[in-house]
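Listed below, chain by chain, are the residues.
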Amino acid sequence: MSETTSTKKEEKLPLNWRRALPSNNSNAEENLVPEREVFGLIPRGFNPEDYLRVVDIHMFKEPHEINKQQHHTDQYYSPKLIVRRGQLFQIQIDFNRPYKPGTDKFWLEYLIGRYPQQNKGTYIPVLVGDELNPGEWGAKITHKENNSIRLSIMSSASCIVGKFRLYVAVWTPFGILRTVRNSETDTYILFNPWSQQDTVFLDDEKEREEYVLNDVGVIFHGDVNDIKLRSWSYGQFEENILDACLFLMDKAELELSGRGNPVKICRVASAVINSRDDSGVIAGSWDNTYTYGVAPSAWTGSVDILLEYYSSKQPVRYGQCWVFAGVFNTFLRCLGIPARVITNYSSAHDNNANLQLDLFLDEEGKVDTKTTKDSIWNYHCWNEAWMSRPDLPVGFGGWQVVDGTPQETSDGMYRCGPASVQAIKHGHICFQFDAPFVFAEVNSDIVYSRMEKSGAQVIEKIDMTHIGKLIVTKEIGGDGMMDITEEYKFQEGSDEERLALETAVMYGVKKQITQDTVYHPQTDVDMDFQVQKAILGSDFKVTITFKNKSHNYYSATTYLSGNIVFYTGVMKSEFKKHTFSVTLEPSSSSTFDVVIKSSEYLSELLDQASFHFFVTARINETGKILAMQKATVLEIPTLHIKTQGETVAGREMSVIVEFTNPLKQTLENVTLRLEGPSVLRTMKKDFRQIPANSTLIWEVKCTPKRPGLRKLIASLNCDALRHVYGELNVQIQKL
């Protein structure tokens, strides 16, 4: 049979064998809805004007009116009605004459997408009745006056989240009369963390204020021994951001009928936030080259990125993990899903998911970069979204890990989650989605091993506590840090931790040391080292300490390797090699300093001023090797922000940004950014040069939109200096 005839035959299959309508996966597309639906022949003399007719619909959609106030949507810069599902809202309908309940019959119709169907929840007829059931669609007349009625409408607590079109349909004996298409009556329906019937219900008001309504956050970065933080403007209420977020679901081609389910939304969003396989929002770059784009460190918030993507439909360049996490957080909070950004310090990227990071040493004890494939990120940012998990056994709802940074594929796409934090903690990694990968990120062991000439693999050291050292997020109601490590893992070395690991192994995580390996650690000599905290551009020292616990004299050949690394743990270059011999007296400690000069590292430096030091020592008498590694981050100068004049909503004010170049070189092609939700949209200014030790001053005029405590965030960016930030809290007064 030819291909064309088989296709023709296929098209004649009965409708129940294949989709009756094309896929309905675009909120933006619409169908034509007839204004008149005639039942049969229209008798002569029929005049629609004789019947009840809608003259006007009032949506009570202003920020100060009842709907947006009660639904916590008054901060959205949108002229449309925005409500949360499963909660009452009000509209008023003006007719051409007084409404007569006995004879007049009308109902509301909510439609979404191009192919509305009642059984898919994309066509919703809402009948007017006497009773309203919580969390179910319904309408009730609450007030009648002259030609007007006030309706109280209840939406379903599991309703699709998106932009609905509203029609009012009036029944006549000869047909149905509908209102004309009017975008002014469009209604956005969002998730509702305030409703107990919603799958994203969160029962603590302070948490709802933080994880849904706060439009500025703090993202932690740096290193576990030197934690740094920066503010990020989520801007989920800014103009056009809600439409941009709905567009992301269209881009991901998520069926409209699945858009009431936060699990499905999080899964497709974790793929569309990155551009790896679907031309999603942000293109990642980890190689320190940002040609034709913005360096990841230069962004101060999500708004510019989302609006650029919404208008261009092309990936925005460039992002790294905190940028993916910041934009993902905006998406989730904008739709009403409680969300927060998480930072995991010493995060494992375990290429073969065997719960161990394999670092291979050569005969001299140096890391063999050819055979070592796994990497340890100084830190990695992901998101948590709050929801129940009806698809999993009871107890695995609550915070779920979702990650938009493209690391590994899941079901053929670069995405990760949602994975239950509770399931990760207890080792129940059989529950979808991607729990084994997240479990490895926070629980892997580091195994240092070297190959002997005989072919035997000798394990020199196993470090069980380095990975997932600290897991943090922003505290509720403040800019401080909240340690949530215990939500992901039990106390290191406890019985519960061992049980969780055994459970994970039972559920299929590979955890084994290969059979032909030997492990005899050196137990009577300990080695540690500390890196002195230093400011960018200055010299500093590394102090190595040996503790000989035995009664023997030992000598050790010690090797220090200093590397410039990307924050992902991938090495760019080795800038320091230093070998020295030490004598270790019995039952004593010895310390040795290695000086690191600024001239050795400055020309090689990357974005985050991140170093990785690796120290190995071979005990000459026993042949045993001691190995240890640490990352460190230099102190980077900050921007200073201040305001001038009164800070009053609706009145012009001045913001001044100052920066002094601390380096011994001229900074070239410098870009400054400044933004603050509800105070000013992102402003940018380029400076050709900032000479060494000179101060730059930039003044910006702006008019704050609304009163309250607001945050201004600034960044400075150039090839020689990145991750320079400043922020200022400003109390905007009422006019």
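For the structure, see preceding data.
A brief structural summary. (Residues numbered from 1 in each chain as written. Predicted model: local features only at pLDDT ≥ 70, side-chain atom pairs only at ≥ 80, totals over all residues. Heavy atoms only, no water.)

Another aspect to go through is the overall build of the protein chain. Helix and strand counts for the protein chain come out as 12 helices and 41 strands. Projected onto its principal axes, the C-alpha positions of the protein chain cover 115 × 70 × 55 Å. For the protein chain, buried positions account for 55% of its 735 residues. Of the contacts formed within the protein chain by residues at least 6 apart in sequence, a portion of 68% connects residues at least 24 apart. (Helix = DSSP H or I, 4+ residues; strand = E, 2+ residues; numbered from the N terminus. Buried < 20%, exposed > 50% of the residue type's maximum accessible area, 1.4 Å probe, protein only. Contact = heavy atoms within 4.5 Å.)

This part covers the packing of helix 5 (residues 262-272) against helix 7 (residues 321-335). Close contact between helix 5 and helix 7 brings their axes to 11 Å; oriented N to C, the two are set at 150°. Relative to helix 7, the element helix 5 is oriented roughly antiparallel. The way helix 5 lies across helix 7 gives a crossing that is right-handed. Contacts between helix 5 and helix 7 pair Ile-265, Cys-266, Ala-269 and Ser-270 from the former with Phe-328, Phe-331, Leu-332 and Leu-335 from the latter. Each residue belonging to the contact of helix 5 with helix 7 can be placed in one class, and the counts come to seven nonpolar, one polar and no charged. (Axes fitted to C-alpha atoms, helices over the stretch in contact; angles between N-to-C directions. Parallel < 35°, antiparallel > 145°, perpendicular 65-115°, else oblique. Left-handed = near helix turned anticlockwise from the far one by under 90°. Nonpolar A, V, L, I, M, F, W, Y, C, P; charged D, E, K, R; others polar.)

The next subject is the side chain of Lys-80. Of note, Lys-80 is situated in the loop between helix 2 (66-70) and strand 3 (81-84). In this structure Lys-80 is buried but unpaired, with Asp-186 as the nearest side chain of opposite charge at 4.1 Å. Dropping the residues within four chain positions of it, Lys-80 is found in contact with Lys-61, Lys-68, Ser-183, Asp-186 and Tyr-188. (Lys, Arg positive; Asp, Glu negative; His and termini not counted. Salt bridge = Lys/Arg side-chain N within 4 Å of Asp/Glu carboxyl O.)

Now for the packing of aromatic side chains. Under the criterion given, the structure shown has 26 aromatic pairs. Centre to centre, the rings of Phe-247 and Tyr-310 are 5.7 Å apart; their planes meet at 50°, and the pair counts as tilted. Of this pair, Phe-247 sits in helix 4 (residues 241-251) while Tyr-310 sits in helix 6 (residues 303-312), placing them 63 residues apart in sequence. Both rings, one in Tyr-290 and one in Tyr-318, keep their centres 6.0 Å apart while their planes meet at 50°; by these two values the pair is tilted. Taken as a pair, Tyr-290 in the loop between strand 14 (282-284) and helix 6 and Tyr-318 in strand 15 (residues 316-319) lie far apart in primary sequence, 28 residues in all. (Phe/Tyr/Trp six-rings, centres within 6.5 Å; stacked < 30°, edge-to-face > 60°.)

Pairing is antiparallel in the open sheet, where four strands are placed in the order 2-4-8-7. At either end of the open sheet lies a strand with only one pairing partner, and these are strand 2 (54-58) and strand 7 (138-145). Here the strands of the sheet are splayed against their neighbours by 25° on average, with no regard to which way each runs. With seven bridges connecting them, strand 4 (residues 88-95) and strand 8 (residues 148-154) associate as antiparallel partners. For Leu-88, the partnering residue across the bridge sits in strand 8 and is Met-154. (Pairing = 2+ DSSP bridges.)

What follows concerns the packing of helix 4 against helix 7. One can describe the packing of helix 4 onto helix 7 by two numbers: an axis separation of 10 Å at closest approach and a directional angle of 105°. Taken together, the axis directions place helix 4 and helix 7 in an arrangement best described as roughly perpendicular. Here Ile-241, Leu-242, Cys-245, Leu-246, Leu-248 and Met-249 of helix 4 lie close against helix 7, whose contacting residues are Thr-330, Phe-331, Cys-334 and Leu-335.

Before going further, it helps to examine the pattern of salt bridges. Overall, the coordinates contain 32 salt bridges when judged by the stated rule. Where Glu-29 meets Arg-114, a salt bridge forms, and the shortest distance between an N and an O atom there is 3.7 Å. Of this pair, Glu-29 sits in the loop between helix 1 (3-11) and strand 1 (36-38) while Arg-114 sits in the loop between strand 5 (106-111) and strand 6 (123-127), and the two are 85 residues apart along the sequence. The class of Glu-29 is partly exposed, set by a relative accessible area of 37%. The partner of Asp-526 in a salt bridge is Lys-549, and the shortest N-O contact between them spans 3.3 Å. Here the residue Asp-526 occupies a position in strand 28 (residues 525-531), and Lys-549 occupies one in the loop between strand 29 (540-548) and strand 30 (554-565), the gap between them amounting to 23 residues. You can call Lys-549 partly exposed: its relative accessible area is 43%. Each member of the salt-bridge network shares a partner with another, and the members are Glu-30, Arg-181 and Asp-186.

Attention now moves to the nonpolar core. Of all hydrophobic cores here, the largest spans 68 residues; its most connected members are Leu-242, Leu-248, Trp-322, Phe-331, Leu-332 and Leu-335. Of all the elements, helix 7 adds the most residues to this core, at 11 residues. Among all residues touching Leu-242, those that are not within four sequence positions of it are Tyr-76, Ile-82, Tyr-188, Leu-190, Cys-334 and Leu-335. Counting 58 residues, the second-largest nonpolar core is a separate cluster that includes Val-679, Ile-690, Ala-714 and Ile-732. (Core = buried A, V, L, I, M, F, W, Y, C linked by side-chain atoms within 4.5 Å.)

With antiparallel pairing, four strands are arranged side by side in an open sheet as 38-37-40-41. The open sheet has two free edges, formed respectively by strand 38 (680-690) and strand 41 (721-732), since each of these has just one partner strand. Sheet twist, expressed as the mean angle between neighbouring strand axes with direction ignored, is 15°. Here strand 40 (residues 708-718) pairs with strand 41 via 10 bridges, running antiparallel. Considered in strand 41, the bridge of Gly-708 is made with Ile-732.

This part takes up the environment of Ser-561. Relative to the helices and strands, Ser-561 is located in strand 30. As a C-alpha pair, Ser-561 and Gln-532 span 29 residues in sequence and 16 Å in three-dimensional space. In this view, Ser-561 contacts Glu-574, Lys-576, His-612, Phe-613 and Phe-614; residues no more than four positions away in its chain are not counted. A polar atom in the side chain of Ser-561 sits 3.2 Å from the side chain of Asn-563. (Polar contact = N/O pair within 3.5 Å; in protein donor to acceptor, adjacent residues only side chain to side chain.)

Cis peptide bonds are those with omega within 30 degrees of zero, and the linkage from Gly-417 to Pro-418 qualifies with 0°. When you line up the elements, Pro-418 lands in strand 22 (residues 416-420). A cis amide bond links Gln-432 with the next residue in sequence, Phe-433, at an omega value of 5°. Inspection of the secondary structure puts Phe-433 in the loop between helix 8 (421-426) and helix 9 (435-443). One non-glycine residue, Ser-587, adopts positive backbone phi at about 45°. On the basis of relative accessibility, which here comes to 48%, the residue Ser-587 falls in the partly exposed class.

Here the focus is the pairing of strand 12 (residues 216-223). Looking down a regular strand, the side chains alternate between one sheet face and the other. With eight of eight residues buried, strand 12 is to be regarded as a mostly interior element. Residues of strand 12 alternate between two faces, with Val-216, Val-218, Phe-220 and Gly-222 on one and Gly-217, Ile-219, His-221 and Asp-223 on the opposite face, all of them buried. Note: strand 12 against strand 13 (residues 226-233), eight bridges, orientation antiparallel. By the bridge assignment for strand 13, His-221 is matched with Lys-228.

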